[in-house]
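Below, each chain spelled out in residue letters.
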Amino acid sequence: MNAVRLEFVPGSLVQSNLSGAAFTGDWLWVAGDEACGLERLRRLEPSGRETLRFGEVRDFLLADLLDLPGESGDEADLEGMAVADGFLWVVGSHGLKRKNAKPDRDHAENARRLAKVTLDANRRLLACLPIEPDANGEPCLVRRARDGRQALRLKGDAQANLLTRALADDPHFGPYMAIPGKDNGLDIEGLAVDGRRLLLGLRGPVLRGWSALLEIEVEVRGEHLRLAPLDDRGTLIRKHFLQLDGLGVRDLHFSGDDLYILAGPTMVLNGDIRVFKWPGARAVLAANREPVRFEAALTDSVALPHGRGSNRAEAICELPPALAAGQARWLVLYDAPGADRRDGECTVFGDLLRRD
């Protein structure tokens, strides 16, 4: 592992809550789970022993790109990102949240806090954002591109979207829709894109040790994305249960035909964080017609470091060849970076892994 240096600025949206990452050439896009926007960083000249260095951050607010279901300042809890066909795709957790107890509150107040479950309307967001170079050739996110591409989100409102409505009566996931994400309720944290097909990785629920991917297809209808049938039987969601040793999905990334899965604890625990590989996943998914299938033939690739309440690996993506020095390498970024992953208030470090 080699440190990758990310230099933010005071007031940056996501420096301490990184949860998604994707590349456009030399440019790195990052998302966070406590903001309602994304940030773009430019590759800079190396500094010291860091192999890669990124900075000159620019914010892109979702409210400038989309008509959001909630207020512009409400967090979207963005958890997954992917770049495909000129778009940056993003997905929110879609889950409920529970207030936490605080050390400065009395027992009665903390009991009330722990009983309070809420939904931030912008969490139920699945969207594609056009990437277009500006006058300086720098990639930017735009509401509408010059070639007609436009920013779109899955149709829905402040309470639900087409995905959550389709899951409401599902025998596996419907019962978990009313449970907060960090309590093993519904919690989307990974996103991978293959044409119009999307894979959504669930941190929760994990059912008897089986983690899940949801496979959907989307199409443009008017000003929104809608779910399209996956087959002539009208299937809107295919479910893929994976054996990840009881861990939930934290991120997804296609590399060729293989799917890499970053996995960690479903609940708020300090525990294993590992990268799994599903060999030949793209071909398996393309050939599959089963509405529900189980996959246990996964390779446990590498274990990642973690701290106590800190250094939680949340994002993984493959480096573009020009940045990888001829080797297959991954960037891993961490939520709640500890002191060992910080340099002052605005700089954090990720890891560079050699792909197997």
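Just above sits the structure.
Keep in mind the model is a prediction, meaning the values are calculated, not measured.

S.K.: Could you clarify how one ought to interpret the overall build of the protein chain in this entry?
M.R.: Counting its secondary structure elements, the protein chain contains four helices and 26 strands. For 356 residues, the compact-globule formula gives about 21 Å, and the C-alpha radius of gyration of the protein chain, at 19 Å, lands near that figure. If one aligns the C-alpha atoms of the protein chain with their principal axes, the spans along those axes are about 55 × 55 × 40 Å. Counting every position in the protein chain, which comprises 356 residues, the buried fraction comes to 57%. Sequence-distant contacts in the protein chain: of pairs separated by 6 or more residues, those separated by 24 or more amount to 60%. Here the protein chain holds 47 positive side-chain charges and 54 negative ones, and the gap between their average locations is 2 Å.

S.K.: Would you take a moment to explain the environment of Gly86 for this structure?
M.R.: Note that Gly86 resides in the loop between strand E6 (78–84) and strand E7 (87–92). For Gly86, a relative accessible area of 30% translates into the label partly exposed. Taking C-alpha positions, Gly86 is 46 Å from Arg112, a pair spaced 26 residues apart along the chain. Non-local contacts of Gly86, meaning those with residues more than four positions away in its chain, are made with Leu129, Pro130, Ile131 and Arg149.

S.K.: Could you clarify how one ought to interpret the state of the cysteines in this entry?
M.R.: In a disulfide, the sulfur atoms of two cysteines are held together by a covalent bond. Per the counting criterion, the structure on display carries zero disulfides. The thiol of Cys36 is unpaired, and the distance to the nearest cysteine sulfur, on Cys128, comes to 16 Å. Of the residues examined, Cys36 reaches a relative accessible area of 8% and is grouped as buried. Of the residues examined, Cys128 reaches a relative accessible area of 3% and is grouped as buried.

S.K.: What is the right way to look at the nonpolar core in this model?
M.R.: In a soluble, globular protein the nonpolar side chains are often hidden away together inside. If you look at the biggest cluster of nonpolar residues, it comprises 29 residues, and the most contacted ones within it are Trp89, Leu163, Leu167, Leu191, Leu198, Leu200 and Ile216. Sequence-distant contacts of Leu198, defined by excluding residues within four places in its chain, comprise Trp89, Leu126, Leu191, Ala192, Val193, Leu214, Glu215, Ile216 and Val218.

Conventions and cut-offs
Residues numbered from 1 in each chain as written. Predicted model: local features only at pLDDT ≥ 70, side-chain atom pairs only at ≥ 80, totals over all residues. Heavy atoms only, no water. Helix = DSSP H or I, 4+ residues; strand = E, 2+ residues; numbered from the N terminus. Rg over C-alpha atoms; globule rule 2.2 N^0.38 Å. Buried < 20%, exposed > 50% of the residue type's maximum accessible area, 1.4 Å probe, protein only. Contact = heavy atoms within 4.5 Å. Lys, Arg positive; Asp, Glu negative; His and termini not counted. Charge placed at Lys NZ, Arg CZ, Asp CG, Glu CD. Disulfide = S-S within 2.5 Å. Core = buried A, V, L, I, M, F, W, Y, C linked by side-chain atoms within 4.5 Å.

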